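Residue-level structure breakdown
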Amino acid sequence: MASSRPSQDTAFFAIRLAKNRWARILGVAFTMYLLAFVDRTNLSMAAPFVRDELGFTPAGLGFANGLFFWGYILLQIPAGRLASTWSPKRVLLCQMLLWSFISLTMALVQTPFELALNRFALGLAEGGVLTCTLVLIRNWFTKAERARANALFLLTFPIAPMIAGPISGLILTYSHWRWMFVIEAIPGLVWALVWWWAIEDRPGNAEWLPPRERAELTGRLAAEAEQTTATISGHWLSTLWHPSMLLLALYNFLALMAEWGVNFWFPTVLKETGLSIGLVGLLASVPSVLGIVTMLAVAISSDRRRERKWHMIAATAAAGVPLIVLQFTGGGTWATVICLSIGIGAFLGRFGPFWTLPGEVLPASVAGVGIGLINGLGNLGGTVGPWFFGVAKTQTGSFSLALAAGGVSLLLSAAIAVLIRVPDARK
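These remarks concern the structure in this document. All values reported here derive from a predicted model rather than from experimental measurement. (Residues numbered from 1 in each chain as written. Predicted model: local features only at pLDDT ≥ 70, side-chain atom pairs only at ≥ 80, totals over all residues. Heavy atoms only, no water.)

1. Notes on the overall build of the protein
- Check the secondary structure of the protein and you find 19 helices and zero strands.
- The globule rule puts the C-alpha radius of gyration for 427 residues at 22 Å, and the 22 Å found for the protein is close to it.
- Referenced to the eigenvectors of the C-alpha coordinate spread, the extents of the protein come out at roughly 60 × 55 × 55 Å.
- By residue count, 51% of the 427 residues in the protein fall in the buried class.
- Within the protein, contacts between residues separated by at least 24 positions form 84% of all contacts whose residues are at least 6 apart in sequence.
- When the accessible area of the protein is evaluated, it comes to approximately 18700 Å², of which 70% is carbon and sulfur surface.
- Side-chain charges of the protein comprise 31 positive and 21 negative groups, with the mean position of each set lying 6 Å from the other. (Helix = DSSP H or I, 4+ residues; strand = E, 2+ residues; numbered from the N terminus. Rg over C-alpha atoms; globule rule 2.2 N^0.38 Å. Buried < 20%, exposed > 50% of the residue type's maximum accessible area, 1.4 Å probe, protein only. Contact = heavy atoms within 4.5 Å. Areas by Shrake-Rupley, 256 points an atom, 1.4 Å probe, with all protein chains shown as cover. Lys, Arg positive; Asp, Glu negative; His and termini not counted. Charge placed at Lys NZ, Arg CZ, Asp CG, Glu CD.)

Here it is as structure tokens:
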């Protein structure tokens, strides 16, 4: 009898966990987004093998990979609209099956055109994943919880790179690069089954949620929806020129232009200070660790104070300042490591309150459209940043000017965010 007690305790804990919306909704969504990240970035790990076997030039491979982002941008708004008016669960299920299948077909690529088509299609399939998940979180968590819920889900940003790279590296060590795409696509197809079983669009549909909690949560969310003062006049497309959405989109464009530029070139900047490649790899994980701490701390503070805008602005400005301070340090090795790590870590802190804002500025029926607009235009900045950093390096011989411009871009985005008009979240 005594030996059966641990198994009974484990089963009881598993049942409790399966009925906890924080663990169930966010845990399943976190894993889903982690799988998307792996399928999105594994080409970078396989790039040397793909070039050697298929004879692609670095420029051709880079161009084809960049087409992912153009596909990614196109379906942001349509996916957000479907998630808001139909079902985020079903939209995300379709996307998961589609991106996993497309990633698997990368194993069949033979020509530059096929590679370009594959990456563009993968971008289309993944285009609304973040947008639809944020709509789902809005359906499941109250205003006082959303910054923490968003931050917990978006911990994929700092955690995923620490997982994706080693997994792809291990597969490539023992297998052909084509098999890497097959092996890494299969978990997405399997997780689609878990997603269908575990996720519901709203608490009212979740029979696994304890009845009392389901009733209380549904009541609180309904009361918040009735109290909202956010309105959109005319057709839902008018969301696209809502002043706060345009300002948030411009803010996100400038912020991501700096973030993606710094993140993409961070290992190269460290290597050019004289560090060994092994030490560069170790230090490259420091911003992710700082980012995890910052994301959770800012989100907890934002929810406790029921304030979003100024938390977002503070984190964004705190990310820009170290990039500018670095220009006055002489660019030494450890000054570079410290300033860039603080900058990247602070930047990640903005995500919890930032992605809570659209749902508090817009009514539920068009929140997905606003999130899609903000995410789509923001990712345009993500295509500009790495390119600009590369051009600045080519023209000046160092990354100093590019890093300073990144700092200015972050401070400018923080200044633009001051203009956003936000209703009092405490009401």
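2. Thoughts on the packing of aromatic side chains
- Counted under the stated rule, the structure contains 12 aromatic pairs.
- Residues Trp-140 and Trp-208 carry aromatic rings whose centres are separated by 5.4 Å and whose planes lie at 10° to one another, so their mutual orientation is stacked. With Trp-140 in helix α7 (residues 129-140) and Trp-208 in the loop between α10 (177-198) and α11 (211-227), this residue pair connects regions lying 68 residues apart in the sequence.
- Assessed through its relative accessible area of 13%, Trp-208 is described here as buried.
- Aromatic pair Phe-347 and Phe-351: ring centres 5.8 Å apart, planes at 85°, arrangement edge-to-face. Each member of the pair Phe-347 and Phe-351 is classed as buried. (Phe/Tyr/Trp six-rings, centres within 6.5 Å; stacked < 30°, edge-to-face > 60°.)

3. Overview of the pattern of salt bridges
- Taken as a whole and judged by the stated rule, the model has 10 salt bridges.
- Close ionic contact of Arg-21 with Glu-213 constitutes a salt bridge, the shortest N to O distance being 3.5 Å. Pair noted here: Arg-21 is in helix α2 (residues 21-54) and Glu-213 is in helix α11, with a separation of 192 residues, a long-range link.
- Lys-89 is the partner of Glu-200 in a salt bridge, and the nearest nitrogen-oxygen pair spans 3.8 Å. (Salt bridge = Lys/Arg side-chain N within 4 Å of Asp/Glu carboxyl O.)

4. What about helix α4 (residues 76-85)?
- Along α4, the residues that are buried comprise Gln-76, Ala-79, Gly-80, Ala-83 and Ser-84. Buried positions in α4, seen along its axis, are confined to an arc of 130° and lie on one side of it. (Arc of directions from axis to C-beta.)

5. Comments concerning the packing of α2 against helix α5 (residues 88-105)
- Running from N to C, α2 and α5 cross one another at 30°; their axes reach a closest spacing of 11 Å. It follows from the interaxial angle that α2 and α5 lie roughly parallel. Every pair of crossing elements has a handedness; the one defined by α2 and α5 is left-handed. The residues of α5 that touch α2, namely those facing Met-32, Leu-35, Ala-36, Asp-39 and Asn-42, are Leu-92, Met-96, Trp-99, Ser-100 and Ser-103.
- Each residue belonging to the contact of α2 with α5 can be placed in one class, and the counts come to six nonpolar, three polar and one charged. (Axes fitted to C-alpha atoms, helices over the stretch in contact; angles between N-to-C directions. Parallel < 35°, antiparallel > 145°, perpendicular 65-115°, else oblique. Left-handed = near helix turned anticlockwise from the far one by under 90°. Nonpolar A, V, L, I, M, F, W, Y, C, P; charged D, E, K, R; others polar.)

6. A few points about the nonpolar core
- Grouped together as the largest cluster of nonpolar side chains are 89 residues, with contacts concentrated most on Trp-140, Trp-195, Met-312 and Trp-355.
- The leading source of residues in this core is helix α12 (residues 243-271), at 12 residues.
- Ignoring anything within four residues of it in the chain, the contact list for Trp-195 reads Val-28, Ala-29, Met-32, Lys-89, Leu-92, Leu-93, Met-96 and Leu-136.
- Judged by nonpolar contacts, the second largest core, of 18 residues, contains Ala-47, Val-50, Phe-56 and Ile-171. (Core = buried A, V, L, I, M, F, W, Y, C linked by side-chain atoms within 4.5 Å.)

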